[in-house]
Amino acid sequence: MTALRFVLLFFLISFSASAQKDYKLWLQYNEVNNAVLVSEYRNNLKGITVLGNSETIKIAEKELKAGFQDMLGIASEIKSDIKEENTLIIGSQSNLNAEIKKELQSDFGKINEEGFIIKSISFKNKKQIIISGKNDVAVLYGVFNFLRILQTNKSVKNLNIADSPKTNIRILNHWDNLDRTVERGYAGFSLWNWQKLPDFIDQRYIDYARANASIGINGTVLTNVNANALILTPQYLEKVEALANVFRPYGIKVYLTARFSAPMEIGNLNTADPKDAQVINWWKNKAAEIYKRIPDFGGFLVKANSEGQPGPQNYGRDHVDGANMLADAVAPFGGVIMWRAFVYSEHDANDRAKQAYAEFQPYDGKFKENVIVQVKNGAIDFQPREPFHPLFGAMPKTPLMMEFQITQEYLGFSTHLVFLPKLFQEVLESDTYQKGKGSTVAKVVDGTLYQNKLTGIAGVANIGNDLNWTGHPFAQANWYGFGRLAWNPYLDSETIADEWLRCTFSNHENVIKPVKKMMIDSREAVVNYMTPLGLHHIMDTGHHYGPGPWVSNLSRPEWNPTYYHKADKNGIGFDRSKKGTNATAQYSAEVEKLFDNVETCPEKDLLWFHHVSWDYKLKNGQTLWNGLALKYQEGVNQVAEMQNVWKKTEKYIDSERFNEVEMLLEIQYKEAKWWRDACLLYFQQFSGKELPKGVEKPTQTLEYFKSLKFPFAPGNG
Ligand code: GCW
């Protein structure tokens, strides 16, 4: 071989190995290189006994073998019955022999249908590790959790874990269109290749299901909430069925978005009125048709009478009429309706932040049992920071599910490194005070505050057909973290970052410590350089890429950034206190009091709730203008620090991912400066004040920033 060919070959091999790392997400199964641990693992895992033979159990077995092979270099022998000591036994409750079942009796009492047990036991005087649950999917969850113990280099001695998901519906919402574009998607095109389905099963469907199962996600809405009725035609349902068949052994149910006008568009009816007998019948038949193909079909997600989508109001009916009609159609089959509360109207002059509450709160207790109302984390729209949505805790008789956005529509697309579990945690931990202190959003969502049976968390997916799934290697952590929090909304985001880093990159402390801190701080960094102190919705129009605080010419007032910041000579901010729109009154008395008073309102939410003067004194003694400018600068500095941290990890990270992140951080740094300069130059027109010491001078003019156009920014339809 000539030297050149050799070099080329070497390059190709190392390139593909690296690219595979990107693709493998948090399931790297890196070789364990701590000798003490390796010998502990090997001593405890001398074989695997697999009880049961479902497809799911076979997947679990395959996963274990792959994990042991890659992490420990052992080709595990599969045993059919337990004779040796120190093996791993996996199997669901009904497949366990009577003695083990008895031994685990109290553990089974602790878990729900989807929960798992991982336990060191002594069986016939022999030490074993057992992974079990009430069904095979639960066993699969246990297996992935067990593998995570190895991936994170923890001991497998004396294991005693019984863990169950705290919510029923842990679901991704794909805003994927049938032409494979993804609304607000920044990681390529949709994974679903409708053209080639149902006959062509892309390996990615399987890998997608596996990744989701590994973090406990159990549902996926395949289609955009801005829905196309065609998905409900036989031609497409056959394709949906093929995907459902792939996902089923991984415990993942398929759901679809239901376009409210479908009976007219594909059913030849001349109305979609939810009280019309023909319409009611059409949906009943449609549900029956779907369930015939997909017996475990999850149900429908509906965006109705919101941003131009059709809905019951087109016929003088309301959300309850619409949701309940669909609920009746899927109820015989055990389906659910996830009805979104993301509504605001151009005909309503009220503060947009108040509209969803105003419309939905009075419906409390009126929805059918199998309806769950899906509420975004904040009252506006997935901003870098929003106070929790006032509907949480305010509808005691209605199950509410959380909607988070994993895709970074307003947080730098797939270019900026932002660790979202930190944001999710902040929302989940917020105290609604609806039933006194400790009535957190998490307790609303997991149903414990009001004893709701139906519970769920949805995440708008950040997944596309990019090689690394999510565009930014660190955006994988947001998919991962979403799944972990959907399983347990009380998890700490630091724990999640720690796990993810170990599983994805390295267990080396020189990576874990600094990079974990970088991830945790990244969320505040983006708030600082985009929308500090409670500012919101000041991004540019349509594509939402980059700053546009000057935009004021859009037809609907509440689409304009100027509507939200209200900057003028007197100051800046949206007065939602009693003196203003009184949005604070939508919260419980304690929270209302806190937010309503400018002195007690947390500074991070200041301009969300108050219009304050440029000279207003912040807690640190700075004037508002200086404090705002310094926050913008701090955000930029934080990104510079992220770059420093990342540089130091070079020798621990494969070169491809290292380089990708390095380049992306460079863009993030540039764009953080762009946000800072554009926003400060714009607001300076009103404050009329100099930039304080420590804030870098802009190198471009406001006119320059205003002139920037991005006609082909991704995700914008
Ligand atoms: O934030 C807005 C997005 C729309 C989206 C809408 C929604 C799917 O800009 O693209 O539409 O929210 O959540 O329905």
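Starting from 1, residues in each chain are numbered consecutively following that chain's sequence as written. In keeping with the predicted nature of the model, local features appear solely for residues at pLDDT of at least 70, side-chain atom pairs appear and are counted solely at 80 or more, and the whole-chain, interface and lining totals rest on all residues. To get the side-chain values, take all heavy atoms of the structure and skip hydrogens and water.

## Quick look at the sheet that holds strand β14 (residues 456–460)
Okay, step 1: Sheet architecture is closed into a barrel: 8 strands sit in the order β7-β8-β9-β10-β11-β12-β13-β14, paired in parallel fashion. Across the sheet, the axes of successive neighbouring strands diverge by a mean angle of 25 degrees, strand direction being ignored.
Okay, step 2: Strands in contact with helix α11 (residues 319–330) are β10 (299–302), β11 (336–340) and β12 (371–376); relative to β11, the strand with the most contacts, it is inclined by about 160 degrees. Should DSSP find at least two bridges between two strands, the strands are taken to pair. Helical segments are the DSSP runs of H or I of at least four residues, strand segments are the runs of E of at least two, and each set is numbered from the N terminus. Axis geometry follows a simple rule: fit a line to the C-alpha atoms, using only the stretch in contact for helices, then measure angles between N-to-C directions, giving values from 0 to 180 degrees. Every residue pair with non-hydrogen atoms within 4.5 Å of one another is taken to be in contact.

## Regarding the site of the ligand
Okay, step 1: A molecule or strand has a residue near it when one of that residue's heavy atoms lies within 4 Å. Taken together, 15 residues form the shell around the ligand, and within it Glu183, Lys303, Lys376, Asp381 and Glu409 come nearest.
Okay, step 2: As used in this structure description, the phrase polar contact means that two N or O atoms lie within 3.5 Å; if the pair is within protein, one of them must be able to donate a hydrogen and the other to accept it, and residues adjacent in sequence are counted only when both atoms belong to side chains. With respect to the ligand, the side chain of Arg184 contributes an N or O atom lying 2.9 Å from an oxygen atom.
Okay, step 3: At a separation of 2.5 Å, an oxygen atom of the ligand approaches a polar side-chain atom of Glu409.
Okay, step 4: Calculation on the ligand without its partners gives an accessible area of 340 Å², and the protein chains cover 97% of this total.
Okay, step 5: Under the scheme applied, nonpolar residues are Ala, Val, Leu, Ile, Met, Phe, Trp, Tyr, Cys and Pro; charged residues are Asp, Glu, Lys and Arg; polar residues are all the others, including Gly. Here the shell around the ligand is composed, by residue class, of 4 nonpolar, 3 polar and 8 charged. Computed with a 1.4 Å probe, the accessible areas rest on the Shrake-Rupley method; for each residue, only the protein chains presented here act as cover.

## Details of the packing of aromatic side chains
Here a ring pair, both rings aromatic, is described through the centre-centre distance and the interplanar angle of the planes.
Okay, step 1: Side-chain rings of Phe, Tyr and Trp, where Trp is taken by its six-membered ring, are said to pair if the distance between their centres is within 6.5 Å; with planes under 30 degrees apart they count as stacked, over 60 as edge-to-face, and otherwise as tilted. Within this structure, the stated rule accounts for 44 aromatic pairs.
Okay, step 2: Considering the side-chain rings of Tyr563 and Phe574, the 5.6 Å spacing of their centres and the 75 degrees angle between planes classify their relative orientation as edge-to-face. Here the residue Tyr563 occupies a position in helix α18 (residues 561–565), and Phe574 occupies one in the loop between α18 and α19 (589–596), the gap between them amounting to 11 residues.
Okay, step 3: Any residue under 20% of the maximum accessible area for its type is buried, any over 50% is exposed, and the rest in between are partly exposed; the area is computed with a 1.4 Å probe on protein chains only. Exposure remark for Tyr563: the relative accessible area of 15% places this residue in the buried category.

## Structural notes on the nonpolar core
Soluble globular proteins tend to pack their nonpolar side chains together in the buried interior.
Okay, step 1: Put simply, a nonpolar core is a bunch of buried Ala, Val, Leu, Ile, Met, Phe, Trp, Tyr and Cys residues held in one set by side-chain atoms that sit within 4.5 Å of each other. By size, the foremost hydrophobic cluster in this structure holds 228 residues, and its most contacted members are Phe146 and Phe683.
Okay, step 2: If one sorts the elements of this core by residue count, helix α22 (residues 655–687) sits on top with 13 residues.
Okay, step 3: Beyond its immediate chain neighbours, meaning those up to four positions away, Phe683 contacts Leu535, Ile538, Pro549, His565, Ala567, Ile572, Trp614, Trp625, Leu628 and Tyr632.
Okay, step 4: Ranked by size, the runner-up nonpolar core spans 11 residues in total, among them Ile100, Phe108, Ile111 and Ile117.

## Some details on the domain arrangement of the protein
How large an interface is tends to be reported as the accessible area lost when its parts come together.
Okay, step 1: When its domains are assigned, the protein resolves into domain 1 (23–163), domain 2 (169–259 + 305–321 + 343–491) and domain 3 (528–574 + 611–707).
Okay, step 2: Contact residues are listed per partner, giving 18 residues for domain 1 and 22 residues for domain 2.
Okay, step 3: Of the roughly 1,900 Å² buried at the junction of domain 1 and domain 2 (both faces included), carbon and sulfur atoms supply 58%.
Okay, step 4: When a carboxyl oxygen of Asp or Glu lies within 4 Å of a side-chain nitrogen of Lys or Arg, that pair is called a salt bridge. The interface formed by domain 1 and domain 2 includes 2 salt bridges.
Okay, step 5: Between Glu114 and Arg170 there is a salt bridge, with its nearest N and O atoms 2.9 Å apart.
Okay, step 6: There are 11 residue pairs in polar contact (both at pLDDT 80 or more) connecting domain 1 and domain 2.
Okay, step 7: Listed by contribution, the elements that provide at least two residues to the side of domain 1 that touches domain 2 are α3 (55–72) and α6 (136–151).
Okay, step 8: It is α6 that provides the largest number of residues to the side of domain 1 that touches domain 2, a total of 6 residues.
Okay, step 9: Of the residues belonging to the side of domain 1 that touches domain 2, the class tally is 11 nonpolar, 2 polar and 5 charged. For each domain, the first and last residues come from an automatic or database assignment. Buried area is understood as the total, over both parts, of accessible area removed when two parts are fitted together, assessed with a 1.4 Å probe.

## Regarding unusual backbone geometry
Okay, step 1: Of note, the bond from Leu197 into Pro198 is cis; its omega dihedral lies within 30 degrees of zero at 5 degrees.
Okay, step 2: Note that Pro198 resides in the loop between β7 (169–173) and α7 (203–214).
Okay, step 3: You will see that His537, though not glycine, has its phi angle at about 55 degrees, which is positive.
Okay, step 4: On the secondary structure map, His537 appears in the loop between α17 (509–530) and α18.
Okay, step 5: Under the relative-accessibility criterion, His537 is labelled buried at 5%.

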